[in-house]
Amino acid sequence: MFVTERSLTRRSVLAAGSAGTLAATAGCVGEGTVLGMQDGGTNPTAAVLEDRSGTFALTGTAKYRTTMLAIEEINRDGGFLGEELKVFAPDPQSDNMRYQDLARHAIYQEDADVLWAGYSSATREAIRPLINEHEQLYFYTTQYEGGVCDKTVFPLGATARQQLGAVVPHMIETYGDEIYTVAADYNFGQLSGDWVKIIAEEHGAEVVGEEYIPLEESQFGSTINNIQSAEPDFVMSMLVGQDHSAFYEQRLASGLTDIPVGTSTNMAQEREHLRIDPPALEDVYAGVNYMEELPTDRNEAFVERYYERWDDAEYINQEAQNNYFSVYLYKEAVERAGTFEQAAVIEALESGLEVEAPEGKIRLDPETHHVEHNMRVAHADENHDISFDEPRTIEPVFLQEAGCDLTSEAEQTQYEPEAFYEEA
Amino acid sequence: MATSDPSVKTTPAVDETGADSSRILQTRGLRKEFGGLTATDDVDFAIEAGELRCLIGPNGAGKSTFLNLLTGQLDPTAGEIYYNGADITGLPSHERVGRGISMKFQVPSVYEGLTVAQNLRIPLQQVVEPDAFDARTREILERFDLLEQWGTVAGELSHGQQQRLEIGMAMAMEPKLMLLDEPVAGLSIEETADIAELLREIADDDGVALIVIEHDIDFVETIADRVTVLDGGSIFREGPIEEIKADPEVKRIYLGEDH
Amino acid sequence: MAGAGLLNFGFEFVEIFAFIVLATVGLAVIFGMMGIINLAHGEFILVGAYATTFAFAASVPLPLAMLTGVVLTAVYGLVLERLIIRHLYGRLLDSMVVTWGISLVMIQLTRIVFGNTAPGIGIPFGQLPIVDGPVYYLVLAVVAVGVLGGLYALFMWTDFGIRARATMQDEATARSMGVDTDRMYMSTFAVGSGLAGLAGALYAPVMTITPEYGTGFLIEAFVAVVVGGASVLVGTVLASGLLGTVNATVTNVAGTFMGQVAMLIAAIVAIRLMPDGITGLLADWRESRGESQ
Amino acid sequence: MLELTDLHASYGKTPILRGVDVGVDEGEIVGIMGKNGVGKTTLVKAVMGLLEVDEGRIRFDGADVTDEPADVRARRGIGYIPQGRDVFPELTVEENLRMGETINEGDDRLQYEAVYDYFPILEERRDQEAGTMSGGQRQMLAIGRALVGNPELLLLDEPSEGVQPSIVQDVTRDLKRVNEELGTTILFVEQNLHVVQNLAERCYAIDKGTIVDELEGDRLESREAVTEYLAV
Amino acid sequence: MSVESGDGPFAALRRPFEGPNTMGNSPAFWLGLAVAVAVLAAMPVLFGLYAAEVGAVFLAYALLGMSLAFIWGYCGILSFGQVAFFGVAGYAFGIVAINAATLTGLTVALLAAIAVSTVFAAALGYFMFYGGVRDVYVTILTLVVALVLYTFMGQTAGGEWTIGDARLGGFNGMSGVPDLAVGVGSTGVEIGLLGHYYVTLGALVATYLGLRALVNSQFGYAMVATREDEDRTAMFGYDTTFIKLVVFTIGGAVAGLGGVLFTTQNNYVDPSVFGITAAALPVVWASVGGRTSLLGTVGAALAIQFVDYRLALSGSEWALVLIGSLLVFVVLLMPEGVAPRLHEYVLEYREDADPSPVPREPPAATEEVSD
């Protein structure tokens, strides 16, 4: 019983009830207003809610910028269905309450046709009730724990399964089969920890130790002690945020650099390899679908366009690239649908779209709304220079296995791996 | 807490339940120790209704500790307290007040942020029905000469008015026993005389028993029926003021040669 | 193995004890001496850390950079004391509310001015030979003990200390004894602020510096001050010892998170048992002796 | 030595002192008596500088000190013994005495050991916290502490308040001895008849914020004359 | 006493709500209040459902603010952890409602949530007040409780933190919380978007009147007396510890009610409701609005949150700076807050307007009371 069907959901008509809702009794009040606060323009509107300040400013700023870059590029080249896409893009300041307010405003007052919003899963969950209630088309681009199966939501970032599926087998192959997991103590971290176990099991390896670190913790003394006494072949790190990046400096100071680290979170998102002095990240391997250093022509051109547009920019993280290609994906869908009407656009997105992204060609999986990504393992050397192995395409297999098919059933669910895999 | 310590002295006037009808308050072997030091040492004390008793003694004699034991702010190490014949040892302060013991602090402690009428309402609503508030308030205001100040915030009253208000508040509780800690400290001679008169009246007309701690020996002389001298935590002398004043030992430990 | 385990536990205790002591002393000095609970304490620590890290980034040698942090925070405290805090003496709850306001403003201003990251400082001195861990943690512990000793000497032995304590107990009388009490308040607040700055400076290499940096110290500092009570040194030492032991023990057995939780629960229980803190309990005991004399 | 001319001061918005003129000569013991609430404490605080005056001048040793803060006046040689045996409760006896040294950094200060000569009980209790001592001992400490600075003028605010009668007698005796042996000028305010009559050589009567009378010799010794200003 | 509702229409009706413990005891005040409520009620009609959705959140905050004003302003208990009850009620509602999303189930969920926050407040209050914890230590302890909940709820992401069908959800929060509904079996109403706004407004007004009546009752006097001087009040035979416990518990219940309405509006609750910024907000509202004025705090909550909202829409980062500075300046310049200051002005103005500024009648003897 992993799917919880609810007899009552937000603003739905009461199934069991015979009485009408209070809302229905107030006939004069609808989505329109007496005083007409709504915006007069008819242009299609995109709401881009990305953090340019607060905890997630480091990643959010680049996400905002690549989104703007893509929209500007398309608007310049003839627009979306010949129309210029208007943008509503205030700064949510990494605050989930603000996200709720701004999303509400975007839906009601800006009449947004499409929404990009948020870095953390918590943000996504905070606004999902609103998204569901108003059936708002929503692109969530952060690499995340996976499992969201929702009719109007398109989680385009690589899932934990995709990221770890790239890096864990690589690490087992290179260094051995004893793994020590260090992860952030919240949803993403815990589910990622479960995935490490599942993938280790699939490859005959073993997790010998596991530790979940509170998000605001930045002292790793006891964790490093524990790792040293467990003597694993490698560490899997799913640490997130700036407080956690202190791990690498303390790793260096405690002489732990002889144990390599695999990660799904570091470098590609918060550019730890550039922010922290070498060699703290020596022998860190990240499973990524994109890093700015990717040496392909298509990517180099993209990076150049980006820094031309934003000359004070610092780094293009993985999510920023996801935002970028998702704008193009949206354009394709609008054109295929021939309208900005959201239900039609969603149907078009579910028709098996493909676009050329800086990371390479990607395909949107119609059933799961996820993307088949080009996953690579990025390695940092003692100078923090990055090298990549060969890309491999990894499908969003987990949701497929879980039976998520949004083309046939409009669910609003998030699946968990534990329901499918014993190890978790 | 009551104790079965065999060393507790029994006073003959006390019957099986510890009650003596003529005595509103009585203590038996009341003892309080702080970390091995004895502040109140086996005190047997009694007071009758309508009596005005002054408690004197050198600093550190245990006067305040004794008063705090009576109000319930401190729990005794040993001994019992009987009030109106009932053992009230161990009862919390507020329940003792409910039975008619009231206390006036050394520093005037009216509610400075509330008006005089609001101040009176707080004790009044404990004892009378709501429809009698106004009448009782007026009565008390008149008696304590505060009628004109009824709407004044208590913090703006003069020192003497605050003292009167406080005694008025204590009286609003219709107490049978009132404990006062240095009620005339810092008052002028004029105000002191006022208070002396009020206290006498309360004892004589209302039949309230009063225990007063006081250093001002002239004041004690004016008001007291009897005087108890405490020293080193136990009762050193007890008797009419003239006797006490003449006692050479009391002079030596407390009064000095002037008096 | 047991020996190594014990050594590791000892190291962990030293690390946590030093952290709590350094996080707390500044707050404790200001609370104990002046009766102000400074809810912006974390942000004073923040000032120390930012000053240190930016000085270091401008290639000032680390010890000097840290000194810059301490001095700047002290000066900052001084300014705040003159502008705002001095109006709040004797208004404990108001002082908490106001300093909370200051804390909100400082965090957000830091974010607006400096953005969300600050340059990092590597951990100096390398690693320990026997126990796994940086030498720097031992340095921190030594500094913590040194600070406690220094404060003891300052407040108990020097004329400044006696005057400061006298001023806090009875300002008017102290003034009539020739003490410039305004200056005493200022300097005590500055000392407290400087100590907060010291915590910020010392932990700048260890912890990631963000605008919320100070919040990471706040709970420990708070809890230790409340558990310790009004007496600055005794309270800080006893509370840090108690909380550090609980935290280190549980962390060793059940991980960082449970260590934190256990420490907070221990603190709540301690406050329940000793409503005025450990030193309140001592004072009660002393007072009751006094009363009975 | 001390000269107050037309001194006005208020507490909040309520005027308390309404033109006080007082003069004290070197070596004198002068009392100011009055009922409660007539402005005695306000007067002492104004002289010490703990309260701003609205009008009038305070001259001490020939200098106008009206606008100087208390700590500066203290260093000029005014010693102050606050009402209610106010010592620093959490400092030890010796630390309390050492506070007295603050007043006078120069060489002419009294070594605090000398105070022990006057009040031997303080030496016995030198390491005890002052707050744990009895009222009388605290009163002695407050006096001793002021003496350490070797003040030229000692201000006392109701030395008898809250102290048992026998100790009041001791204190009166000690103050006289200080005056004789050290030549310290003493100005005190009081409403206790015994203290006024036993200590003062000369006494002002204050009422409603102004000086209403000055008593010396026979009049000061007459119980009736003195009670007139203490009673109605 | 004649100060209490002597004149004007509906005097008898107003009587239980008036007295010297609250400001605004005149017909003009009640008229003003009625107009304000009418304006709030008209908001969705004027500005659409959007205003109802946004407004309902503000009104739920106002309830939270009022709970703090009640315990702090009237009984002197400064709780920095009022959000703990707010959040706990939200989570409790979510847990019950997700497991029993029927009319009956949701009604039970509503009651259960308020019961949980009430019991939680009672337990914490018992622990503190009967343990002798006072003043600043109460303040810090309540803050620590909120922060502990923040930390604890943040790590409940794992599957082991599932109660029936409800996942606590850790840092990501608990989503899928159903709407409010009241009824038994198949009879009842599910409260829709617009309904939710009016239910919240109704709850706010009803709570306001209820608390107002309470603070003017005998118990109210006991509260105020406890705030002014606890020891003294105990000496009048009041069990002040118990009074504080009751007040704190009622405060917890009101905060809990706010929490349920907040959570059902967003259909979501996450640990940030326990966070330090969230915890600061009620203190800001009560300090700025005036903690001794329930209505002042409500007004401050609505105004500050509205400004904060407008600033957020404009993308400005200065909201927190503004709120923090406001707090500092208000406490420094008018420590009592805005509403009491306004009240003073109004009284002064009235006295000026009144040609005979003779004090109102002293308390009359019983037989003289005519109205």
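Residues numbered from 1 in each chain as written. Chains lettered and ligands numbered in written order. Predicted model: local features only at pLDDT ≥ 70, side-chain atom pairs only at ≥ 80, totals over all residues. Heavy atoms only, no water.

As annotated in an unreviewed UniProt entry, chain E is Inner-membrane translocator from Natronococcus amylolyticus DSM 10524. Of chain E, the UniProt comment under Subcellular location (unreviewed entry) reads exactly: "Cell membrane". (UniProt positions renumbered as here; feature names shortened; annotations may be inferred.)

Looking at an unreviewed UniProt entry, one finds chain B named Urea ABC transporter ATP-binding protein and attributed to Natronococcus amylolyticus DSM 10524.

A. Molecular detail of the overall build of chain E. Counting secondary structure elements, chain E contains 14 helices and 6 strands. Computed over C-alpha atoms, the radius of gyration of chain E comes to 21 Å, within 12% of the 21 Å expected from 2.2 N^0.38 for 371 residues, which places it in the range of a compact globule. Oriented by its inertia axes, the alpha-carbon framework of chain E measures out at about 70 × 50 × 50 Å. In chain E, which comprises 371 residues, the proportion classed as buried is 60%. Counting only contacts in chain E whose residues sit at least 6 apart along the sequence, the fraction spanning at least 24 positions is 74%. Carbon together with sulfur atoms contributes 70% to the accessible area of chain E, which is approximately 12500 Å² in total. Distance from the positive charge centre (13 side chains) to the negative charge centre (27 side chains) of chain E: 2 Å. (Helix = DSSP H or I, 4+ residues; strand = E, 2+ residues; numbered from the N terminus. Rg over C-alpha atoms; globule rule 2.2 N^0.38 Å. Buried < 20%, exposed > 50% of the residue type's maximum accessible area, 1.4 Å probe, protein only. Contact = heavy atoms within 4.5 Å. Areas by Shrake-Rupley, 256 points an atom, 1.4 Å probe, with all protein chains shown as cover. Lys, Arg positive; Asp, Glu negative; His and termini not counted. Charge placed at Lys NZ, Arg CZ, Asp CG, Glu CD.)

B. Expanded view of the state of the cysteines. Residue and element names in this part refer to chain A. For the structure shown, the criterion picks out 1 disulfide over all chains. Put simply, Cys149 and Cys404 are joined by a disulfide, and their sulfur atoms are 2.0 Å apart. Taking the torsion about the S-S bond as the criterion, the Cys149 to Cys404 disulfide, at about 85 degrees, is right-handed. On the criterion of sequence distance, the pair formed by Cys149 in strand S5 (residues 148-150) and Cys404 in the loop between helix H14 (397-402) and strand S17 (412-414) is long-range, its members being 255 residues apart. Take Cys149 and Cys404: they sit in the same class, and that class is buried. (Disulfide = S-S within 2.5 Å.)

C. Region of interest: the sheet that holds strand S6 (residues 101-104) of chain B. Residues and elements named next belong to chain B. Taken in spatial order, the 6 strands of this open sheet run S6-S7-S8-S3-S9-S10, and their pairing is mixed. At either end of the open sheet lies a strand with only one pairing partner, and these are S6 and strand S10 (234-239). Averaged over all pairs of adjacent strands, the angle between their axes in this sheet comes to 20 degrees, without regard to strand direction. As judged from the 5 bridges shared by strand S7 (residues 177-181) and strand S8 (residues 209-213), these two strands associate in the parallel manner. Its bridge partner being in S8, Leu179 is matched across the sheet by Ile211. Running over the sheet, helix H1 (residues 63-71) touches strand S3 (52-56), S6, S7, S8 and strand S9 (226-231) and is turned about 150 degrees from S7. Helix H5 (residues 159-172) rests against S6 and S7 of the sheet, and its axis sits at about 170 degrees to S6. (Pairing = 2+ DSSP bridges. Axes fitted to C-alpha atoms, helices over the stretch in contact; angles between N-to-C directions.)

D. Focus on the nonpolar core. By size, the foremost hydrophobic cluster in this structure holds 321 residues, and its most contacted members are Leu25, Leu199 and Ile211 of chain B, Tyr203 and Tyr213 of chain C together with Phe93 of chain E. For this core, the leading source of residues is helix H3 (residues 49-75) of chain E, giving 21 residues. Once residues within four sequence positions are removed from consideration, Phe93 of chain E is found in contact with Leu106, Ala109, Leu110, Ala113, Val177, Pro178, Asp179, Leu180, Val260 and Thr264 of chain E. (Core = buried A, V, L, I, M, F, W, Y, C linked by side-chain atoms within 4.5 Å.)

E. A look at the domain arrangement of chain B. Residue and element names in this part refer to chain B. Splitting chain B by domain gives domain 1 (1-93 + 225-259) and domain 2 (100-222). Taken together, the contact between domain 1 and domain 2 spans 31 residues of the former and 24 residues of the latter. When the two sides are added together, the surface that domain 1 and domain 2 hide from each other amounts to roughly 2300 Å², 69% of it contributed by carbon and sulfur. Considering only the side of domain 1, the residues that lose the most area to domain 2 are Leu52, Leu67 and Tyr83, jointly responsible for 23% of the buried surface there. Seen at the junction of domain 1 and domain 2, the total is 2 salt bridges. Linking domain 1 with domain 2 are 9 residue pairs in polar contact (both at pLDDT 80 or more), by the criterion used here. Contributions of two or more residues to the side of domain 1 that touches domain 2 are made by strand S1 (23-34), strand S2 (37-48), S3, H1, helix H8 (241-246) and helix H9 (248-255). When grouped by side-chain class, the residues that make up the side of domain 1 that touches domain 2 number 17 nonpolar, 8 polar and 6 charged. (Domains from an automatic or database assignment. Buried area = accessible area lost by both parts, 1.4 Å probe. Salt bridge = Lys/Arg side-chain N within 4 Å of Asp/Glu carboxyl O. Polar contact = N/O pair within 3.5 Å; in protein donor to acceptor, adjacent residues only side chain to side chain. Nonpolar A, V, L, I, M, F, W, Y, C, P; charged D, E, K, R; others polar.)

F. Focus on the environment of Phe155 of chain C. Residue and element names in this part refer to chain C. Turning to its location among the elements, Phe155 is positioned in helix H5 (residues 135-157). Expressed as a C-alpha distance, the spacing of Phe155 and Leu233, which sit 78 residues apart in the sequence, is 9.6 Å. Excluding its chain neighbours within four sequence positions, the residues that come into contact with Phe155 are Val29, Met33, Phe160, Gly161, Ile162, Ala164 and Arg165.

G. Quick look at the environment of Ala200 of chain D. One can find Ala200 of chain D in the loop between helix H8 (193-199) and strand S9 (202-207). When the C-alpha positions of Ala200 of chain D and Glu95 of chain D are compared, they lie 31 Å apart, and in sequence the two are 105 residues distant.

H. Looking closely at a negative patch on the surface. Residues and elements named next belong to chain D. Side chains of Glu3, Asp6, Asp21, Glu52, Asp54 and Glu55 sit close together on the surface and give a patch of like negative charge. Position of Glu52 relative to the elements: it lies in the loop between helix H1 (40-48) and strand S4 (55-60). Taking the relative accessible area as the measure of exposure, Glu52 reaches 72% and is therefore exposed. (Patch = residues over 30% accessible without salt bridge, like charges linked within 9 Å, V, L, I, M, F, W, Y side chains within 5 Å.)

I. Focus on the pattern of salt bridges. Counted according to the given criterion, the structure contains 61 salt bridges over all chains. Glu142 of chain B is the partner of Arg138 of chain B in a salt bridge, and the nearest nitrogen-oxygen pair spans 3.6 Å. On the criterion of helical spacing, the pair formed by Arg138 of chain B and Glu142 of chain B is a turn pair, its members being 4 residues apart in helix H4 (residues 133-143). Note on Glu142 of chain B: relative accessible area 47%, which makes it partly exposed. Among the charged side chains, a salt-bridge network with shared partners connects Arg124, Glu125, Arg128, Glu145 and Asp150 of chain A.

J. Geometry of the environment of Leu245 of chain E. Residue and element names in this part refer to chain E. You can see Leu245 is positioned in helix H10 (residues 240-266). Distance from Leu245 to Ala121, taken between C-alpha atoms, is 8.5 Å for residues 124 residues apart in sequence. Contact partners of Leu245, with chain neighbours within four places excluded, come to Ala122, Gly125, Tyr126, Phe129 and Tyr130.

K. Unusual backbone geometry, seen in detail. Residue Pro279 of chain A is reached from Pro278 of chain A by a cis peptide bond, and omega for that bond is 5 degrees. Assignment of secondary structure puts Pro279 of chain A in the loop between helix H10 (272-275) and strand S11 (284-288). Positive phi, close to 55 degrees, is recorded for Asp145 of chain B, a residue that is not glycine. In this fold, Asp145 of chain B is placed in the loop between H4 and H5. Phi angles above zero are rare outside glycine, and Glu174 of chain B is one such case at about 50 degrees.

L. Molecular detail of the pairing of strand S3 (residues 114-117) of chain A. All names here are of chain A. With burial as the criterion, each face of S3 is covered, one bearing Val114 and Trp116 and the other bearing Leu115 and Ala117. Sheet topology note: the strand S1 (residues 45-49)/S3 ladder contains 4 bridges and is parallel. For Leu49, the partnering residue across the bridge sits in S3 and is Ala117. Bridge analysis of S3 against strand S4 (residues 138-140) gives 2 bridges, and the strand direction is parallel. Considered in S4, the bridge of Leu115 is made with Tyr138. In terms of handedness, the path from S3 via helix H4 (residues 121-134) over to S4 forms a crossover that is right-handed. (Right-handed = clockwise from strand over helix to strand, strands pointing away.)

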